[in-house]
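Fold and geometry: a report
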Amino acid sequence: MAQQRTLSLLGATGSIGASTLDLVRRNREAFRVVALTANCQAKELAALAREFEAQVAVVADESCLPDLREALAGTGIEAAGGAQALVEAASRPADIVVAAIVGCAGLAPTMAAIEQGRVVALANKEALVSAGDVMTAAVRAHGTTLLPVDSEHNAIFQCLAGNDPAHVRAITLTASGGPFRDWPADRLAHATPAEAVKHPNWSMGAKISVDSATMMNKGLEFIEAFHLFPVGVERLRIIVHPQSIVHSMVEYRDGSTLAQLGPSDMRVPIASALAWPERMDTPCTPLDLAAIGELTFRAPDEVRFPATRVAREAVVHGGAAPATLNAVNEVAVAAFLAGQIAFTRIVAYAEDILSRRLPPAPASLDEVIAVDRDARAMAREAMEPAH
Ligand code: NDP
């Protein structure tokens with residue numbers, strides 16, 4: 001890359017955070033780190049802030065600030081804590097902000113980064129799913145470049161480059177199918193958290209791993225694609241591709257289909273966003289298609305895995321439905337990971353709450369946050385033992 005870029009990383013202690021910092025570590029001259037954030041892993045965050053000589057380190061959970069302060073004492077690195085400090089860190093001028101917090105907790109800081117009008121590399125899909133039109137309007141209003149980091153959306157972004165979206169016949173998101181793709185329906189109810197987080201192809205945080213197992217990850221990605229690539233819901237497809245080599249495809253009106261292929265390593269799409277519009281090296285093992293031998297594809301099974309249908313219905317319904325879906329899913333995944341509900345109940349709760357009367361479409365960040373909060377309350381109430 002020609003010039004050094006300043007970079008902030010929201011969610012530095014997570015899986016995407018680690019992959020991003022691995023690339024920065026290998027290209028120290030190319031980046032200068034402004035802000036690094038975490039929720040409460042203060043010691044880990046402090047170690048990263050020291051290593052990368054960040055200007056500021058922020059923990060979202062204010063109760064973890066004393067630990068962060070202690071770990072950064074004498075370094076000259078600012079330490080801050082709490083929701084407002086997180087938003088302030090995201091607002092600091094930086095050439096690129098990587099939004100890699102998990103869940104709707106990342107929404108306010110991601111919006112703050114968008115309002116800077118520079119480049120936001122978005123991994124935090126839940127923020128876009130929840131805020132939808134509010135976020136895309138902010139992107140337009142501030143002239144921000146939103147680069148998708150999710151491997152599928154990054155693939156689509158690459159396949160669309162240089163083409164007029166008006167010529168797109170279909171966009172197909174590929175899905176690995178998750179660890180339970182070959183399980184019979186009656187076994188799914190007994191799936192354990194340990195089984196659900198063991199993804200066959202990708203190494204990821206716990207929440208997205210469970211989302212992959214239910215296929216809600218693909219449902220959220222469907223909604224994410226709807227906002228990032230406005231070709232209309234009827235042109236968006238999902239196909240199961242167990243090898244996770246083809247990361248997504250764009251079919252054009254002349255019958256040409258462009259696909260992006262790569263190893264199942266998030267450093268590839270992250271590098272594509274970090275270097276955009278240039279390219280940078282990654283240490284990832286190049287694809288050996290002869291060794292892989294076969295790439296297979298099959299239609300999704302929405303009877304065993306209804307999440308993609310539920311997500312499609314939510315985006316067609318519009319309004320408060322996608323934010324409600326995301327919030328209920330976050331609560332249900334946390335309950336499943338805590339051993340409180342069965343695996344198959346995660347999507348069942350989402351479908352049940354979406355069938356209720358929903359609030360009007362949120363028109364501002366505060367209204368999205370209110371929809372999210374109310375949906376979480378409904379989900380928690382529905383999960384109380386009496387139900
Ligand atoms: P992880 O759980 O590994 O990391 C989450 C990060 O967010 C951590 O830094 C964590 O801090 C921070 N965090 C958690 N809760 C809060 C909160 N309430 N407020 C502020 N910060 C918080 O997640 P992943 O890296 O797997 O995923 C991050 C995002 O990227 C998700 O939206 C996911 O869907 C998306 N994504 C991930 C992929 C992957 O391969 N992992 C692939 C594609 C998309 P702490 O460590 O202190 O808890």
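Preceding block: the structure.
Residues numbered from 1 in each chain as written. Predicted model: local features only at pLDDT ≥ 70, side-chain atom pairs only at ≥ 80, totals over all residues. Heavy atoms only, no water.

1. Focus: the nonpolar core
In this structure, Phe180, Leu325 and Phe343 are the most contacted members of the largest nonpolar core, which totals 88 residues. Counting residues per element, this core draws most heavily on helix H15 (residues 321-337), at nine residues. Excluding anything up to four places from it in sequence, Phe343 contacts Phe180, Leu188, Ala189, Ala191, Ala196, Ala213, Thr214 and Phe336. In terms of nonpolar packing, the next biggest core, distinct from the first, is built from 42 residues, Ile16, Ala42, Leu48 and Ala49 among them. (Core = buried A, V, L, I, M, F, W, Y, C linked by side-chain atoms within 4.5 Å. Buried < 20%, exposed > 50% of the residue type's maximum accessible area, 1.4 Å probe, protein only. Helix = DSSP H or I, 4+ residues; strand = E, 2+ residues; numbered from the N terminus. Contact = heavy atoms within 4.5 Å.)

2. Let's talk about a nonpolar patch on the surface
Nonpolar side chains collect at one region of the surface, where Leu261, Leu287, Leu289, Ile292, Leu295 and Phe297 lie side by side and expose about 430 Å² of accessible area between them. Tracing the backbone through its elements, the reader meets Ile292 in helix H13 (residues 289-292). Under the relative-accessibility criterion, Ile292 is labelled partly exposed at 31%. (Patch = residues over 30% accessible without salt bridge, like charges linked within 9 Å, V, L, I, M, F, W, Y side chains within 5 Å. Areas by Shrake-Rupley, 256 points an atom, 1.4 Å probe, with all protein chains shown as cover. Salt bridge = Lys/Arg side-chain N within 4 Å of Asp/Glu carboxyl O.)

3. Thoughts on the packing of helix H1 (residues 15-26) against helix H12 (residues 267-275)
The interhelical angle for the contact between H1 and H12, taken along N-to-C directions, is 60°, at an axis separation of 10 Å. Judged by the angle between their axes, H1 and H12 are oblique. Relative to H12, the crossing made by H1 is right-handed. Here Ile16, Ser19, Thr20, Asp22, Leu23 and Arg26 of H1 come into contact with H12, specifically with Arg267, Ile270, Ala271 and Leu274. Across the contact of H1 with H12, the residue classes tally to five nonpolar, two polar and three charged. (Axes fitted to C-alpha atoms, helices over the stretch in contact; angles between N-to-C directions. Parallel < 35°, antiparallel > 145°, perpendicular 65-115°, else oblique. Left-handed = near helix turned anticlockwise from the far one by under 90°. Nonpolar A, V, L, I, M, F, W, Y, C, P; charged D, E, K, R; others polar.)

4. As for the environment of Pro300
Here Pro300 shows up in the loop between H13 and helix H14 (307-317). In this structure the C-alpha to C-alpha distance between Pro300 and Met249, which are 51 residues apart in sequence, comes to 16 Å. Ignoring sequence-local partners within four residues, the contact set of Pro300 consists of Ile238, Ile239 and Val240.

5. Considerations on the site of the ligand
Close to the ligand lie 24 residues, the nearest being Thr13, Asn39, Cys40, Gln41 and Glu126. Gly14 is positioned such that a nitrogen or oxygen atom in its backbone is 3.2 Å from an oxygen atom of the ligand. The separation between an oxygen atom of the ligand and a polar main-chain atom of Ser15 is 2.9 Å. Within the complex, 86% of the 900 Å² of free accessible area of the ligand lies under protein. (Near = heavy atom within 4 Å. Polar contact = N/O pair within 3.5 Å; in protein donor to acceptor, adjacent residues only side chain to side chain.)

In short, shape yes, function no, at least from these values alone.
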